[in-house]
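# Structural description and commentary
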Amino acid sequence: MRKVERYPVEGPNALWQVYRTVSRLKAVRNFVFIQIARYCPELSVKNWIYRRVLGMKVGKETSFALMVMVDVFFPERITIGDNCIVGYNSTLLTHEYLIKEYRLGDIVIGSHVMIGANVTILPGVTIGDHAVVAAGSVVHRDVPAHARVGGNPLRELGRVGESSGDGQAERERRAGEASQ
């Protein structure tokens, strides 16, 4: 289960009421700087924008590919560890505006994590150290450290360091060694 805070709303859907939760000035400023970062090829400039302008916690030598879209309204709720890669055109959301409520949740990504291209990470998700998320995945639940995950719905594909496929051959090899 994702860790999100729920806020019920009365009247029109929650997105119509967005400026009760975040100022227009903050939204416009964040949007402009996020667009600059999305197209900027210089990683140190991107990280400077994420840290200093948007308030994200970004570790050393973390790389954001072109077109990464971080949350416009609450980017300060994103934490990413050291030496990570966030793949092309990925989206990191810390909010969800629904019909009768809105939800907010932190995104916490550990160190040495690889996020493939076109991945969507939903609010309230933690991704453990050394995890790998396959391209095109929707991360709707926590990912343990050293896990390889992918798909929609998200499923575990193995552990980092196992052979490709479902990891069955590696598990059988280890079981054989353990029995000797």
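In the block above lies the structure referred to throughout.
Procedures and definitions
Residues numbered from 1 in each chain as written. Predicted model: local features only at pLDDT ≥ 70, side-chain atom pairs only at ≥ 80, totals over all residues. Heavy atoms only, no water. Core = buried A, V, L, I, M, F, W, Y, C linked by side-chain atoms within 4.5 Å. Buried < 20%, exposed > 50% of the residue type's maximum accessible area, 1.4 Å probe, protein only. Helix = DSSP H or I, 4+ residues; strand = E, 2+ residues; numbered from the N terminus. Contact = heavy atoms within 4.5 Å. Disulfide = S-S within 2.5 Å. Pairing = 2+ DSSP bridges. Expected span 1.5 Å × (residues − 1). Arc of directions from axis to C-beta. Salt bridge = Lys/Arg side-chain N within 4 Å of Asp/Glu carboxyl O. Phe/Tyr/Trp six-rings, centres within 6.5 Å; stacked < 30°, edge-to-face > 60°.

The next thing to look at is the nonpolar core. Soluble globular proteins: nonpolar side chains tend toward being buried together. With 43 residues, the main nonpolar core has L92, I109, I121, I127 and V139 as its most contacted residues. Contributions of two or more residues to this core are made by helix 1 (24-39), helix 2 (43-53), strand 4 (69-70), strand 5 (78-80), strand 9 (101-104), strand 10 (107-109) and strand 16 (147-150). Ignoring anything within four residues of it in the chain, the contact list for I109 reads T79, I80, G81, C84, L92, I121 and I127.

What follows concerns the state of the cysteines. Applying the stated rule across the entire model yields zero disulfides. Sulfur of C84: no disulfide; nearest cysteine sulfur belongs to C40 and is 19 Å away. Taking relative accessible area as the criterion, C84 reaches 2% and is therefore assigned buried.

Taken in spatial order, the six strands make up an open sheet running 3-6-11-14-16-17, and their pairing is mixed. Across the chains shown, the open sheet's two edge strands, defined by having one partner strand only, are strand 3 (63-64) and strand 17 (155-159).

Quick look at the pairing of strand 16 now. Every other side chain in a regular strand lies on the same face of the sheet, so the side chains alternate between the two faces. Burial along strand 16 is two-sided: the face carrying A147 and V149 and the face carrying R148 and G150 are both buried. Where strand 14 (residues 132-133) lies against strand 16, two bridges are found, and the strand directions are parallel. Bridged to V132 within strand 16 is R148. Hairpin remark: strand 16 followed by strand 17, antiparallel, with four residues in the connecting loop; positive phi at G151, about 95°.

What follows deals with helix 1. Between its terminal C-alpha atoms helix 1 stretches 23 Å, which fits the 22 Å expected from 16 residues at 1.5 Å a residue. For helix 1, every residue scored as buried is listed here: A27, N30, I34, Q35, A37 and R38. What you see down the axis of helix 1 is that its buried residues fit within an arc of 160°, all on one side. Turned more than 90 degrees off the buried face of helix 1, the exposed positions are L25, V28 and Y39. Next to the buried residues of helix 1 lie helix 2 and strand 4.

So, on to the pattern of salt bridges. Tallied over the full model, the rule gives nine salt bridges. The salt bridge partner of D106 is R77, with a shortest N-O separation of 2.7 Å. Linking D106 in the loop between strand 9 and strand 10 with R77 in the loop between strand 4 and strand 5, this pair joins segments that are 29 residues apart in sequence. Of the charged contacts in the structure, one is a salt bridge between R103 and E101, with a shortest N-O distance of 2.7 Å. No difference in accessibility class separates R103 from E101, as the two residues are buried. Put simply, R2, R6, E96, E101 and R103 are held in one network by salt bridges that share partners.

Looking now at unusual backbone geometry. The linkage connecting N152 with the following residue, P153, adopts the cis geometry, with an omega of 10°. Its location among the elements puts P153 in the loop between strand 16 and strand 17. At E61, a residue that is not glycine, the phi angle is positive and equals roughly 55°. The phi dihedral of H130 falls on the positive side, at around 65°, and the residue is not glycine. Inspection of the secondary structure puts H130 in the loop between strand 13 (126-127) and strand 14.

The way to describe two aromatic rings as a pair is by their centre distance and the angle between their planes. Counted under the stated rule, the structure contains four aromatic pairs. Pairing Y7 with Y102 gives two aromatic rings, centres 4.8 Å apart and planes at 20°, and the pair type is stacked. Here Y7 is found in strand 1 (residues 5-8), whereas its partner Y102 is found in strand 9, with 95 residues between them in sequence. Exposure remark for Y7: the relative accessible area of 31% places this residue in the partly exposed category. For Y102, a relative accessible area of 14% gives the class buried. Considering the side-chain rings of F73 and Y97, the 6.0 Å spacing of their centres and the 90° angle between planes classify their relative orientation as edge-to-face. With F73 in the loop between strand 4 and strand 5 and Y97 in strand 8 (residues 95-97), the pair connects residues that are 24 residues apart, well separated along the chain. The burial state of F73 is the same as that of Y97; both residues are buried. Aromatic ring contacts, followed pair by pair, group Y7, F73, Y97 and Y102 into a single cluster.

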